[in-house]
Each structure stands twice: as structure tokens, then as C-alpha cells.
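# Examining the three-dimensional arrangement
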Amino acid sequence: MSTSSINTFKHTDDQKKRKKIIVGVIGAIVLYGMIMAYSISICIGYGQYGIIGDAPLMCALVISTLSFFFAIFKTNGYLFNFKEYDMLMSLPFEAKTVAGCKFLYMYIKSLPWHISISIAMMIGYGIYAYPSMITYPVWLVLTFFVPIIPMLVASFFGFIIARISAGFRKTNAVQTVLTFIFVLFCFSLRFFIEDMFKEDKVEDTLTQISGVSDSAARFYLPIGWFNGAVTELSALDILLLIGVGVALFAAIFLVVGNSYRNINSALKSHAASKRYKMTAQKMRSVVHAIAFKEFKRMLGSTTYMVNGILGLVLSVIFSVFALVLGFDKIISFITKDAPLTAEMLQPAIPLIIYFFIGMFATTACTPSLEGKSYWIVQSLPIETKTLYKGKMLYNIYLTVPIMLFSTVCICISAKVSLLNSILYVILGLLLCAFSTSWGCVCGVKHIKLEWENDVEVIKQGAAVVIYMLPNMFVTSGLCVLVVYLGMHFEHTLITGVMILIASVLTILSYSRVMKLANK
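My aim in this report is to walk through the structure given alongside it, one point at a time. (Residues numbered from 1 in each chain as written. Predicted model: local features only at pLDDT ≥ 70, side-chain atom pairs only at ≥ 80, totals over all residues. Heavy atoms only, no water.)

### What to know about the overall build of the protein chain
As a reminder, the rule being used: Runs of E in the DSSP output that reach at least two residues are strands. Runs of H or I that reach at least four are helices, and both are numbered from the N terminus. Only the protein chains shown count as covering a residue, and every accessible area follows the Shrake-Rupley method with a 1.4 Å probe.
A tally of regular secondary structure across the protein chain gives 22 helices and 0 strands. Surface summary for the protein chain: the accessible area is close to 26300 Å², and the carbon and sulfur share equals 71%.

Shown next, in the form of C-alpha cells:
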């Protein structure tokens, strides 16, 4: 409660903080409004095709899936290896109580997402299904319990990953690898689900989605309990959903509490090698030293590592599959035999790769990651613009090799001409530079130095959201635009224009960073 933006707004006299909070609230309202509009549109489709009875199932399925993935990415930052660990553990509370409260804090932070989806789908369900009045309070109350079980399961997986990695000397590296394996496995399930949707008719697709939700309810019982509680007002389903969630919460944190201190101690400690030898230290320029410092910071945070290189890993996987299987086959599989050829999609190759690589820019969060040590950085005998150059250099080191590799692989697979391949590489490099500089603009402009764990900066920070959402939407729109233009103009001309636009945007963003550094 003390760290909430509402509490800060009530008590702070800093007008900059108050303006940032207001802008953040407006942005959240817009974002939640978009989610609610999308959720209502699902119910409209269900209602028009006479399958509105499956709306509660879909509501519970969406909330459960969303809460599971949110918890997977946040567990390490909220439950383990957090900054105030020593202070909290010195208080007269059991370890399981501290762990349970950290989980509840994570639950409360993600609750607005779940409520916005649930209320919107409840409205859509009410418009078409005409349920009894008691359905609405039951729906609203159970909304608070639907995300608990999947979040507990995800937290338990995070606990297992942390428990395994705590036994190794390189705990963060092992934890990151295990998390990546699990996340990539979850992403691979998407293709099995998509395989069910082979028809392009709206009614058939909705019917198939309904069938998927029915199947999910048979395997994941809480979805069925929510559906039974809302549609049939079953007291047994209500008690099961609430009772199992509470019982599972108590059981999991009883287990977690027994190893909680050991895991955190292992994650916060670093063993020294017995074979260590003093050698001459390498000389680096200040900018390269700052870039290396960012590299070490990423290695020290599983949350930072997973979010920072997930898009890069997906880009490499996509390009390797395209090289091995063929770009045309990959496109045919993704678009489900839509009338799109590999040649038509050639102008969009750099943008397709950038969609993965540009998902996350380290520069959007690294200024905020300085946190309470920011005053130390400011006291160093280096200019602020040099600091930002070092942070941008690290993102360049991270993204450019992957962009080169992926672009070359897909150009070979798509049989792109040599001239266009060179132009695609140039455009890809400029997009990396733009992503880096624009991310730094967002990171500096919306810097947040007061945070309890890095999740609040890496995943929930205003800078990351402002960078990520417009970037992804604009990239998707540009992919469609260049494919359309490619049907009427030469691909070389289109790429040349895109290179010019990317160059201008990069120069403007870099100039903006340097101006912010001088303030």
C-alpha cells in the first residue's frame, strides 16, 4: 500500500511525479479499455452464432492462461532474490508468511488485467444470455479466485526452478536456462492449438474455439467449476473453486516455507573459485566498460535475462527453421495456406525479424535499473551522455549479431537477390539502432528509481510499456503495408524508402537522447 501510485500521488509534492502518475493512469485506462473492447467482441461473436453459453468458459480460460504466464515471468523477482529480503526476514514472521505475502502482492498487481477481462465478458454474456441477477455477483466474486490456482501452479514451477538452480554455483545462469526451457515449451503449445483451426470461416472458427474451451475444462477443472457456478449457480462448484484455491495456497507455501531461506541464501551468494588467479586487468574505454557493466547486470537477474533475450531466441529459432524447412513452408504453416507467397513477403523480412528483436530494448529499463545507486553513477567523473552511450552500445552488441544472422538465413531461404539481401541487412541494422535509441528516450524520459524489485521496472515500468506497445503495433502495420506496396512497386525501391525513414527516425531519437543527457 505504501508503494502504490495512489498513495504516492496523495502525499508527494513533486509535480513531476504527480504528472507521471496521471499519465500512467490514463495509459492504463486506455490499455484496459482496449482489452475490454476485445473481450466484449468475443462475446458478440459468441452471441451472434448462438454459442454464448461458452462465454464463461472462455473467460475463465483467458484469465487462467494470462495469470499463469504473468506469474511465470514474475515469480523470480517477487518471491526470490528481492532487495528487501534481509529486512523482511528479520521481522518476527515465519518464512512461509513472507513468501505468501509476496505472492499476494504479485496477485494484487496483476488483478486489474483479470478484472477488466472478466467484467467485459460478463457484460457481453449478460446482453445475449439474459442470466438471473444473482449470476452477476457470483461472477464478480469468483473473478478474484479464478487466477489464484494458475498463479500458484506457476509460482510452484518457479519454486522448483529456483530450488534446482540453488544447488549450482552459477545459480542465475542455471535458473535462466531452466526458465527458458519451460517458457519455450509453453510457446510451442501454441502451434498444437493453432493446428485445430484450419478453416477460415468465422462460424467454424468460433465453434472450434468453443470446442477447445470445452476440452480445456475437462483437463483443467477450475474452468469447469467457474462455468458451473455462473451458468448453473452450483454451490458445489463455488465451494470447489474457492476451497481448492485456498487449500492449494496453504499447501504450496507450507512446502515453499521449508526451503525459502535456503533458496534465497543460495541465490544471493556467490561461491569463489579455488582456482582463481590474479591476472592483468583488461583496459576498456569508458563506453565499453559501461556496456560490460550492463552485461554483468543482465547475467545477475533472471527476470532481466528472460525478458531481454526471449525475442532474440525466438528470432534465431524462426530463422533456423526457415533455413532448414524453407521460408515458403513456414509462411504457409503460419498463415494456414493463405494466398501469400514467399516472394510477396520478401520486403517484410527485416520487419518480421525486427518484430522479434524489437520486442524488448534493454535501454528502456537500464536507466531505471540504477535504482538507489543512481546517485553513485551521477557522482562518477563521466558525462551523462557517455553513460547513455554505453547503455545503447550494449543493446547494439546484443541485437545486431542476431539481426545479421537471422536476415542472412531468411534471405537464403527465400532466395532473395544479392542487392535486396544487402539492403535488407542495412535496414535491419538501422532498425536495431532505432530500437536502441528510441528505447533510451523512453527509459530516460520515464525513469523510475524507486522500486522494490526489478520486475516493476523490467516488465511493468512505464518506459518499457511506452516503448513496447507502439513499437509492436507499428511494426505489424508496416509489415502489411510493405507487402501491399510490394505487389505494385519494386522491392528495391520500397526498401530504399524504408532505409531513409529508419535513418531519419534513428537520428532524431539519438539527438533526443543527447538533449535529455544535457538536462
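### Some points on the nonpolar core
To keep it simple, the criterion reads: In these notes, a set of buried Ala, Val, Leu, Ile, Met, Phe, Trp, Tyr and Cys residues joined through side-chain atoms within 4.5 Å is what counts as a nonpolar core. Burial here depends on accessible area, computed with a 1.4 Å probe over protein chains only, as a share of the maximum for the residue type. Under 20% is buried, over 50% is exposed, and the range in between is partly exposed. Contacts are residue-level and defined by heavy atoms, with any inter-residue pair within 4.5 Å sufficient.
Counting 57 residues, the largest nonpolar core has Tyr304, Phe327, Ile349 and Cys365 as its most contacted members. Residue contacts for Cys365: discarding those within four places in its chain leaves Tyr304, Phe360, Val457, Ile458 and Val464. Core analysis: the second largest hydrophobic core is formed by 28 residues, Cys43, Met58, Leu142 and Ile223 among them.

### Examining the packing of helix α18 (residues 384-413) against helix α22 (residues 491-518)
Short version of the rule: The axes are straight lines fitted to the C-alpha atoms, using for helices just the contacting stretch, and the angles between their N-to-C directions are given from 0 to 180°. Comment on the angle field: the value is read as roughly parallel under 35 degrees, roughly antiparallel over 145, roughly perpendicular from 65 to 115, and oblique elsewhere. Helix crossings fall into two classes, left-handed where the near helix is turned counterclockwise from the far one by less than a right angle and right-handed where it is turned clockwise. Residues are sorted three ways: Asp, Glu, Lys and Arg are charged, Ala, Val, Leu, Ile, Met, Phe, Trp, Tyr, Cys and Pro are nonpolar, and all the rest, Gly among them, are polar.
Relative orientation of the contacting elements α18 and α22 amounts to 140 degrees, with a least axis distance of 8 Å. Viewed along their axes, α18 and α22 adopt a mutual orientation that is oblique. Crossing hand, α18 versus α22: right-handed. Residues Thr384, Lys385, Tyr388, Lys389 and Met392 of α18 form the contact with α22, whose own contacting residues are Tyr510, Val513, Met514 and Ala517. Looking at the contact of α18 with α22 residue by residue, the class counts come to 6 nonpolar, 1 polar and 2 charged.

### Brief notes about the side chain of Asn227
Positionally, Asn227 belongs in helix α10 (residues 221-231). Contacts of Asn227, omitting those with residues within four sequence positions, involve Gly53, Pro56, Leu57 and Glu232.

### Thoughts on a positive patch on the surface
For clarity, the threshold we go by: Patch definition: residues above 30% relative accessible area lacking any salt bridge, with like charges linked at up to 9 Å and the nonpolar side chains Val, Leu, Ile, Met, Phe, Trp and Tyr linked at up to 5 Å. Salt bridge criterion: a side-chain nitrogen from Lys or Arg within 4 Å of a carboxyl oxygen from Asp or Glu. His residues and chain termini do not enter the charge count, which takes Lys and Arg as positive and Asp and Glu as negative. For charged residues, the charge sits on one atom: NZ in Lys, CZ in Arg, CG in Asp, CD in Glu.
A cluster of basic side chains, namely Lys16, Lys19, Lys20 and Lys445, defines a positive patch on the protein surface. With 3 residues, helix α2 (residues 15-48) is the largest single contributor of residues to the positive patch. The class of Lys445 is partly exposed, set by a relative accessible area of 41%.

### Some details on helix α12 (residues 286-299)
Operational definition: The length a helix should cover is 1.5 Å for every residue beyond the first. The arc in question is formed by the directions pointing from the helix axis toward the C-beta atoms.
Helix length check: α12 (14 residues) gives 20 Å between terminal C-alpha atoms against 20 Å at 1.5 Å per residue, within 8%. Turning to α12, its buried residues number three or more, namely Ile290, Ala291, Glu294 and Met298. One side of α12 holds all its buried residues, which, seen down the axis, span an arc of 100 degrees.

### Observations concerning a nonpolar patch on the surface
Residues Ile317, Val320, Phe321, Leu323, Val324, Leu325, Phe405, Val408 and Ile412 make up a contiguous nonpolar surface patch of about 790 Å² in total accessible area. If you list the elements that add at least two residues to the nonpolar patch, you get α13 (302-325) and α18. Considering every element that reaches the nonpolar patch, the biggest residue donor is α13, with 6 residues. Within the element layout of this structure, Leu323 appears in helix α13. Among the residues examined, Leu323 registers a relative accessible area of 41% and is labelled partly exposed.

### Some thoughts on the environment of Leu314
Within the secondary structure, Leu314 is located in helix α13. Residue classification places Leu314 among the buried positions, given a relative accessible area of 17%. For the pair formed by Leu314 and Ile353, sequence separation is 39 residues and the distance between their alpha carbons is 9.4 Å.

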